[in-house]
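Understanding the architecture of this molecule
Residues per chain are reported as follows:
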There are 2 protein chains.
Amino acid sequence: MSLIVKKFGGSSVADAGKFLSVAKIVADCYRGGCDVAVVVSAPGDTTDDLLERAAEVNPKASRREMDVLLTTGEQMSIALLAMAIEKEGCPVISLLGWQAGFQTDSNYGAARIKKIDADRLRAELDKRNIVVVAGFQGLNKYDDLTTFGRGGSDTSAVALAAALNADRCQIYTDVDGVYTADPRKVKNAKKLDEITYDEMLELATLGAQVLNNRSVEMAKKYNIEIEVLSSVTGAPGTLVREVANMEKMLVRGVTKDVNCARITLIEVPDVPGIAFKVFSRLAAKKINVDIILQSIGRNNTKDIAFTISKENAETAVNTLKESFEEIKNIKCDDNIAKVSVVGAGMETHPGAAAKMFEALYDQNINIQMISTSEIKISVLIDAGDADKAVQSIHDKFLGD
Amino acid sequence: MSLIVKKFGGSSVADAGKFLSVAKIVADCYRGGCDVAVVVSAPGDTTDDLLERAAEVNPKASRREMDVLLTTGEQMSIALLAMAIEKEGCPVISLLGWQAGFQTDSNYGAARIKKIDADRLRAELDKRNIVVVAGFQGLNKYDDLTTFGRGGSDTSAVALAAALNADRCQIYTDVDGVYTADPRKVKNAKKLDEITYDEMLELATLGAQVLNNRSVEMAKKYNIEIEVLSSVTGAPGTLVREVANMEKMLVRGVTKDVNCARITLIEVPDVPGIAFKVFSRLAAKKINVDIILQSIGRNNTKDIAFTISKENAETAVNTLKESFEEIKNIKCDDNIAKVSVVGAGMETHPGAAAKMFEALYDQNINIQMISTSEIKISVLIDAGDADKAVQSIHDKFLGD
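These notes cover the structure that comes with them. (Residues numbered from 1 in each chain as written. Chains lettered and ligands numbered in written order. Predicted model: local features only at pLDDT ≥ 70, side-chain atom pairs only at ≥ 80, totals over all residues. Heavy atoms only, no water.)

Our focus in this paragraph is the packing of aromatic side chains. One pass over the structure, following the stated rule, counts 7 aromatic pairs over all chains. Here A:Trp98 and B:Trp98 contribute two aromatic rings whose centre-to-centre distance is 4.4 Å and whose plane-to-plane angle is 35°, an arrangement assigned as tilted. One end of the pair, A:Trp98, is in the loop between strand 3 (92-95) and strand 4 (102-104); the other, B:Trp98, is in the loop between strand 3 (92-95) and strand 4 (102-104), on a second chain. Of the two residues, A:Trp98 and B:Trp98, both sit in the buried class. With centroids separated by 6.3 Å and ring planes inclined at 40°, the aromatic side chains of A:Phe102 and A:Phe148 adopt a geometry described as tilted. Taken together, the positions of A:Phe102 in strand 4 and A:Phe148 in the loop between strand 8 (145-147) and helix 5 (152-164) put the pair 46 residues apart, joining distant regions of the chain. Relative accessible area serves as the criterion here: at 1%, A:Phe102 is assigned to the buried category. Judged by relative accessible area, which is 2%, A:Phe148 ranks as buried. We note A:Arg128 situated over the ring of A:Tyr30; from NZ or CZ to the ring centre the distance is 4.1 Å. (Phe/Tyr/Trp six-rings, centres within 6.5 Å; stacked < 30°, edge-to-face > 60°. Helix = DSSP H or I, 4+ residues; strand = E, 2+ residues; numbered from the N terminus. Buried < 20%, exposed > 50% of the residue type's maximum accessible area, 1.4 Å probe, protein only. Lys NZ or Arg CZ within 6 Å of the ring centre and 35° of its normal.)

Spelled out as structure tokens, the structure:
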């Protein structure tokens, strides 16, 4: 008997009718002879509503209490989905994160899973119960509730699949798979049948917003096969796995990410250790830095530029101003976008970068920063040029 | 240092402004030097909203999953109240029922507290934290969430006060104390300064709706002094305790309860054990029976009538029809009201019953059933006559 983990996001359970549709998908799979564990997110806009209520009461609420509040969203979902599955006539039990054995560290709001104690999960599955698990949440060593941050339900699903040694982890979304670019924005965007973990990781990190990147990292580590598919059509979607016979396709997709800000430190003293100090200070504030660029030293000074998420921009600037008297001039620009091409064949094709830059030149788009890895090339450009850039690059690499 | 348990109901935390008001009351008490534990209900109409959402998905949802859903209401409240108290600058921590050590039986939807393991509560209070506890909820031996049924937050508060050996348990409501009758309905209704547990118990059971009766029973058992007071004015309310020098007041209050239905079993075989069988069958369905009346046997048959809560009427009728072939004729009337006078001096005044019946006769109200105890007299009448009856009885006993 195969064991399937299914994950449904908030838009798949936005109202009573959608809960019933999801219950049908789950029940059909169960009646087909599978063991089924389901991970579900908070319904529709619940999380945003809760954030708004918290902001009305105290905009500077502690992250511990925020997690107590936010975990109610998934709790509602598991109860309502279990009720919907009961209506389908299947045996079912809902479990909160802690009941399902999710043990985390104490980084409230962005906790990491340390371990899943799957005894209860296995016992319920052995009773042939469908198990509905609250995504996004766990318990720390003080017996306090924690959340994994946005997109954390994907991580819950993959972690659960790993802990249970599941045969497949199906992530249901409002799109029917992974595309070579955002199909709402780019004409001729194509659905991929399969994609490797590394490629998916780049796409996720770069803002494709189909799968949370932590969940892909975890899937890669535990070799969990993920399928991304539509909760509406249920048609075969995109498989994320190590592909045995990889097609020689140069580029898997083109993405944009407008949730980034560039911080520039101008005329920093050109002495050893300054970069270490700057970035360790940001790391202490849990701020992830993406592209880093450092100018060649001149007059005993140099410039350092880097990109981070928009929501971290203010904290980063303040932290650096407070910590380093020697840095006089800090600039922050958040009207930028990162556009990337991703594909595992990229590194063996030196022409890829030139082709991308040509596509940008065709549209007269200025490149502000460049970053490359084995399987991607990213450029930083004006936010206003982003859609035009994605279309042009997509045409160049993936056009008919 | 004294330890105060405060309980706030749903209407006291219906919006952000009210959370902040409650936080101020709590913080003032803490700053005054008290240790404070706060029990809070779900905000405003949250519980009703959740019930509605469940009904849309599955009107016959299991009670286990219903409890998973309903406990989110109090969870939101503790988080938001803790945030509001943080804003007051006081150290605070929220605890769910299970985190606060509430262990219950497994009667989902109407669970009873078996024990409170108060270690964590005490540890937090020892750190001089204000502790905000989710009312209405606990955990059974399977580690599953349970709820105590409507009004259960009062029970949580009193149980907490008992477990912590608190100096007082303050129940904040939208009225400023216990009255001799519903002040919105009865002119000249008077606020009582104090009242005994037994009197309060009768008033609570009879629908005065100020305090949940389980909470009063528990307060009596553990000798916890309860104060009922307004969350708006904060003025001294009514103390519920064993009164040392009881005033010789005949009647403490007049109440009505329209949430009752009368079931009549007509021409039941007049054989031994039939009453036992009927009421044990109802007890098995957890249906509480209030007034019972049995006619004198005639032609080897008798009639049995009893009252129960309205919401149990359908279940009771169906249960009896299925269980007893020999009972042919079952009638159910839910257009009735129970009106009662309560007062500890009642038993020593034989004229009290006559006075009550006279008040009803004055208004030409027909009495359908009568029930008396040491400290109360109840009558069953048409629902439409209830308000008129309460005013008339109040005038007779408590009028100026």
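Counting from both sides, the interface comprises 44 residues of chain B and, opposite them, 44 residues of chain A. Of all residues in chain B, B:Val57, B:Glu65 and B:Met83 bury the most surface against chain A, accounting for 19% of the area lost on that side. Joining chain B to chain A, the criterion identifies 2 salt bridges. Here B:Asp144 and A:Arg120 are joined by a salt bridge, their closest N and O atoms 2.9 Å apart. Linking chain B with chain A are 20 residue pairs in polar contact (both at pLDDT 80 or more), by the criterion used here. Considered class by class, the residues forming the side of chain B that touches chain A number 27 nonpolar, 7 polar and 10 charged. (Contact = heavy atoms within 4.5 Å. Buried area = accessible area lost by both parts, 1.4 Å probe. Salt bridge = Lys/Arg side-chain N within 4 Å of Asp/Glu carboxyl O. Polar contact = N/O pair within 3.5 Å; in protein donor to acceptor, adjacent residues only side chain to side chain. Nonpolar A, V, L, I, M, F, W, Y, C, P; charged D, E, K, R; others polar.)

Attention now moves to the sheet that holds strand 19 (residues 369-373) of chain B. All names here are of chain B. One open sheet holds the 4 strands; their spatial order is 13-18-20-19, and the pairing between them is antiparallel. Looking at strand neighbours, the two that pair on one side only are strand 13 (253-257) and strand 19, the edges of this open sheet. Each strand axis lies, on average, 20° off the axis of its neighbour in the sheet, ignoring direction. Pairing between strand 18 (residues 336-342) and strand 20 (residues 376-382): 7 bridges, direction antiparallel. Among the inter-strand pairings, isoleucine 336 is bridged to a residue of strand 20, identified as aspartate 382. Its contacts with the sheet place helix 10 (residues 351-362) against strand 18, strand 19 and strand 20, and it is angled at close to 20° to strand 20. (Pairing = 2+ DSSP bridges. Axes fitted to C-alpha atoms, helices over the stretch in contact; angles between N-to-C directions.)

All names here are of chain B. Ordered in space as 3-6-2-1-9-11-12-10, the 8 strands form an open sheet in which the pairing is mixed. In this open sheet, the two edge strands, each paired with only one partner strand, are strand 3 and strand 10 (194-195). Summarising the sheet, strand 10 and strand 12 (residues 238-240) pair through 2 bridges and their orientation is parallel. Across the sheet, glutamate 194 pairs through a bridge with leucine 239, a residue of strand 12.

The next subject is helix 2 (residues 46-57) of chain A. For helix 2 of chain A, spanning 12 residues, the distance from its first C-alpha to its last is 17 Å, which sits close to the expected 16 Å at 1.5 Å a residue. By the burial criterion, the buried members of helix 2 of chain A are A:Thr46, A:Thr47, A:Leu50, A:Ala54 and A:Val57. Taken end-on, helix 2 of chain A shows its buried residues confined to a sector of 95°, consistent with a single buried face. In this fold, the buried residues of helix 2 of chain A make contact with helix 3 (63-87) of chain A together with helix 1 (16-31) and helix 3 (63-87) of chain B. (Expected span 1.5 Å × (residues − 1). Arc of directions from axis to C-beta.)

On to helix 3 of chain A. Here helix 3 of chain A contains 25 residues, and its C-alpha end-to-end distance of 37 Å stays within 8% of the 36 Å for a straight helix at 1.5 Å per residue. With 22 of its 25 residues buried, helix 3 of chain A lies for the most part within the structure.

For the rest of this paragraph, the subject is the relation of the copies chain B and chain A. Rotating chain B by 179° about the axis while translating it 0.0 Å along that axis superimposes it on chain A, leaving an RMSD of 0.2 Å. Taken together, the rotation and translation relating the two chain copies correspond to the operation of a two-fold axis. Across chain B, the rotation axis passes nearest the C-alpha of B:Thr72, at a separation of 2.7 Å. Mapped onto chain A, 100% of the interface residues of chain B are again interface residues, and the two copies thus contact each other with one and the same surface. (Least-squares fit on C-alpha atoms with pLDDT ≥ 70 in both.)

So, on to the state of the cysteines. All names here are of chain A. Within the structure shown, the criterion is met by 0 disulfides over all chains. Just so you know, cysteine 34 is unpaired, no disulfide at all, and the nearest cysteine sulfur is the one on cysteine 29, 4.0 Å from it. The exposure class of cysteine 34 is buried, given its relative accessible area of 14%. For cysteine 90, which is in no disulfide, the shortest distance to another cysteine sulfur is to cysteine 29 and amounts to 10 Å. On the basis of relative accessible area, cysteine 90 is assigned to the buried category, the value being 7%. (Disulfide = S-S within 2.5 Å.)

Here the focus is the pattern of salt bridges. For the coordinates displayed, the defined rule picks out 50 salt bridges over all chains. Two residues, B:Arg241 and B:Glu225, come together in a salt bridge whose shortest N-O distance is 3.7 Å. Here B:Arg241 is found in the loop between strand 12 and strand 13, whereas its partner B:Glu225 is found in the loop between helix 7 (213-222) and strand 11 (226-230), with 16 residues between them in sequence. Assessed through its relative accessible area of 28%, B:Arg241 is described here as partly exposed. A salt bridge links B:Lys256 to B:Asp387; the shortest N-O distance between them is 2.7 Å. One end of the pair, B:Lys256, is in strand 13; the other, B:Asp387, is in helix 11 (residues 386-398), with 131 residues separating them in the sequence. Judged by relative accessible area, B:Lys256 falls into the partly exposed class, the value being 25%. The partly exposed category is assigned to B:Asp387, whose relative accessible area is 37%. Shared partners join several salt bridges into a network, and the residues in it are A:Arg64, A:Glu65, A:Asp144, B:Arg120, B:Glu124 and B:Lys127.

Function cannot be read off these values alone, since they describe shape.
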